[in-house]
Amino acid sequence: MKRVVVGLSGGVDSSVAAYLLKEQGYEVIGLFMKNWHDDTVTISNECPWLEDSNDALLVAEKLGIPFQTVDLSEEYKEKIVDYMFNEYEQGRTPNPDVLCNREIKFDVFMKIALSLGADYVATGHYCRKGSVEKDGKEVFQLLAGKDDNKDQSYFLCQLSQEQLAKALFPIGELTKPQVREIAAEMDLITADKKDSQGLCFIGKVRLPEFLQQKLQPKEGIIVEVDENDEVFVLQTTEFNAAEDAFKYQARKLDFSTANSKVVGKHQGAHYFTNGQRKGLNVGGTKEPLFIIQTDVEKNIIYTGQGTNHPGLYKNALFIKSDEVHWIREDLRLKPNEEKQVMARIRYRQPLEKATLYQFESGMYVVFENPQSAITEGQFAAWYDGEELLGSGVIS
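Rules used throughout
Residues numbered from 1 in each chain as written. Predicted model: local features only at pLDDT ≥ 70, side-chain atom pairs only at ≥ 80, totals over all residues. Heavy atoms only, no water. Pairing = 2+ DSSP bridges. Helix = DSSP H or I, 4+ residues; strand = E, 2+ residues; numbered from the N terminus. Axes fitted to C-alpha atoms, helices over the stretch in contact; angles between N-to-C directions. Buried < 20%, exposed > 50% of the residue type's maximum accessible area, 1.4 Å probe, protein only. Contact = heavy atoms within 4.5 Å. Phe/Tyr/Trp six-rings, centres within 6.5 Å; stacked < 30°, edge-to-face > 60°. Lys NZ or Arg CZ within 6 Å of the ring centre and 35° of its normal. Salt bridge = Lys/Arg side-chain N within 4 Å of Asp/Glu carboxyl O. Core = buried A, V, L, I, M, F, W, Y, C linked by side-chain atoms within 4.5 Å. Arc of directions from axis to C-beta.

Visitor: I'm lost on the sheet that holds strand β9 (residues 260-266) in this one. Help?
Guide: Strand order in the open sheet made by the four strands is β9-β8-β11-β10, with mixed pairing throughout. Edge positions in the sheet fall to β9 and β10 (289-295), since each of these pairs with one other strand and no more. Put simply, the sheet's adjacent strands are angled 30 degrees from each other on average, direction ignored. Judged from the six bridges that link them, strand β8 (residues 220-225) and β9 form a sheet pairing that is antiparallel. For V225, the partnering residue across the bridge sits in β9 and is S260.

Following this line, the structure appears as structure tokens:
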């Protein structure tokens, strides 16, 4: 009998995942990950880990499976929290959920599971696993979940073949309503529990306050850039090489000489991110202001009016060579190769047509249509149909 360790988070998805595995005849062990102790930055009563671990325990008892709690808060602090502070400090916007899956759930947690004699680790993610045979050996595929509305393959875009080999996603074939229905039929305490929001396993965090623990407030100016400024006019010069053309399209615009005006003050450019409109506290504009760029060195926030402001849009992004990650290593592009794909630059974004161009220096992802708020530090992921092939950190 194969042994599976399920990451029971105290939510409905992982509860039903555990139930389904038991039904399929696996020997199931429930493990709750405690990743956070500091309650000073979580918004009170919103998914405190105590209640979650208690719910996980009650689900395990109901299903008649062994249960224990593992404390991974040290690893979590080092691999996720410290990394986040570091990224924000440099003016980038990290994605803790993607990292949490790569560094915690399918690494630290997986090693604990394997030490308990597990054959697999299972989670309540809405995605599926497939496999194809290549040169006589099995290659694993990460596929989108059946529920279009909940597909979470993006969050697993950094997994490796080794991690996928040991992973199971029992609810990937189901929709959220079906999952809730099963939980209700089984009378699981988590059946009607709201989905958790916020940082994976920390709960709802007040981000500015969370960041302020490490990053000191520093007053700076908010600048509004005119949408008709010539900084947005694309040069029509011919580029000698395709790489130079993409580099030009993916470049960071220089707003220092743009036609702009100071419209307010902020407490630190490192607290803000591209595309953000909340928290600026600047009134009196015809349309809402959106952040089009932050400059953490000069501590300036550049904004533009409305969702159609040209400062928000770019049709290319760059990923450095060492940050290009392929789940399907067998499909990795060699320098000067290209591939047409569907891609997204954030979770829940509809897939967009794009072409990957691989060079020695790294890879350009060039979209057919310009994309809003491409943000440094976030992950771009590319797909072929339902299959997520790879991803990389936007630089």
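Visitor: Would you mind showing me how to read the environment of V28 here?
Guide: Checked against the element boundaries, V28 lands in strand β2 (residues 27-34). Looking at V28, the relative accessible area reads 5%, which means it is buried. Measuring from C-alpha to C-alpha, the distance between V28 and A122 comes to 9.6 Å, with 94 residues separating the pair along the chain. In this view, V28 contacts V4, V6, A18, L21, K22, I65 and P66; residues no more than four positions away in its chain are not counted.

Visitor: Teacher, can you tell me more about the sheet that holds β2 here?
Guide: One key point about sheets: their strands pair by backbone hydrogen bonds, in either a parallel or an antiparallel sense. With respect to topology, five strands assemble into an open sheet ordered β3-β2-β1-β4-β7, the strand pairing being parallel. Unpaired on one side and paired on the other, β3 (67-71) and β7 (167-168) mark the two borders of the sheet. Where β2 lies against β3, five bridges are found, and the strand directions are parallel. Across the sheet, F32 pairs through a bridge with T69, a residue of β3.

Visitor: Looking at this structure, how should I read the packing of aromatic side chains?
Guide: Describing an aromatic ring pair means giving the distance of the ring centres and the angle of the ring planes. According to the stated counting rule, one finds 13 aromatic pairs in the structure shown. Linked through ring pairs, F246, F318, Y357, F359 and Y364 together constitute an aromatic cluster. Sitting over the ring of F140, K129 keeps its end group 4.8 Å from the ring centre. Here the basic side chain of R251 rests over the ring of Y248, its NZ or CZ set 3.9 Å away from the ring centre.

Visitor: What am I meant to see in the pattern of salt bridges here?
Guide: For side chains bearing opposite charge, pairing can occur when the charged atoms are close. Applying the stated criterion to the full structure yields 22 salt bridges. Measuring nitrogen to oxygen at the nearest pair gives 3.1 Å for the salt bridge that ties K176 to D13. Remark: D13 occurs in helix α1 (residues 12-23) and K176 occurs in helix α6 (residues 176-185); sequence separation between them is 163 residues. Taking the relative accessible area as the measure of exposure, D13 reaches 13% and is therefore buried. Residue class for K176 comes out buried when judged on its relative accessible area of 9%. When salt bridges that share partners are traced, they join D13, K150, K176, R180 and D195 into one network.

Visitor: I tried to follow the nonpolar core on my own but got confused; where do I start?
Guide: One recurring pattern in soluble globular proteins: nonpolar side chains tend to sit buried together. Grouped together as the largest cluster of nonpolar side chains are 53 residues, with contacts concentrated most on I104, F109, L142 and F169. Secondary-structure elements contributing two or more residues to this core are β2, α3 (73-89), α4 (96-115), β6 (137-144), α7 (207-212), β10, β17 (379-384) and β18 (387-393). Looking at which element gives the most residues to this core, the answer is α4, with nine residues. Ignoring sequence-local partners within four residues, the contact set of L142 consists of C127, R128, S153, L156, L164, F169, I327, E386, E387 and L388. Of all hydrophobic cores here, the second largest spans 27 residues; its members include L20, A122, I182 and A191.

Visitor: Looking at this structure, I do not really get the pairing of β8. What am I missing?
Guide: Sheet faces and side chains relate simply in a regular strand, where the side chains alternate between the two faces. Within β8, five of the six residues are buried, which leaves it mostly tucked inside the rest of the structure. In the sheet, β8 pairs with strand β11 (residues 300-305) via four bridges, with the strands oriented parallel. Residue I222 lies in a different strand from β11, and its bridge partner there is I301.

Visitor: Can you help me understand α6 in this one?
Guide: An α-helical segment advances 3.6 residues per turn. Residues three or four places apart therefore align on the same side. Among all positions of α6, only K176, V179, I182 and A183 are buried. One side of α6 holds all its buried residues, which, seen down the axis, span an arc of 120 degrees. Across from the buried face of α6, at angles greater than 90 degrees, the exposed residues are P177, E181 and E185. On its buried face, α6 sits against α1. Two residues or fewer after α6 comes D187, characterised by a positive phi angle close to 55 degrees.

Visitor: Could you clarify how one ought to interpret unusual backbone geometry in this entry?
Guide: Residues apart from glycine generally show negative phi values, whereas peptide bonds are mostly found in trans. If you check the backbone angles, N299 has positive phi at about 60 degrees while not being a glycine. If you trace the backbone, N299 turns up in the loop between β10 and β11. Here N299 falls in the buried class, since its relative accessible area comes to 6%. If you check the backbone angles, N336 has positive phi at about 70 degrees while not being a glycine. Considering the arrangement of structural elements, one finds N336 in the loop between β13 (324-326) and β14 (338-344).

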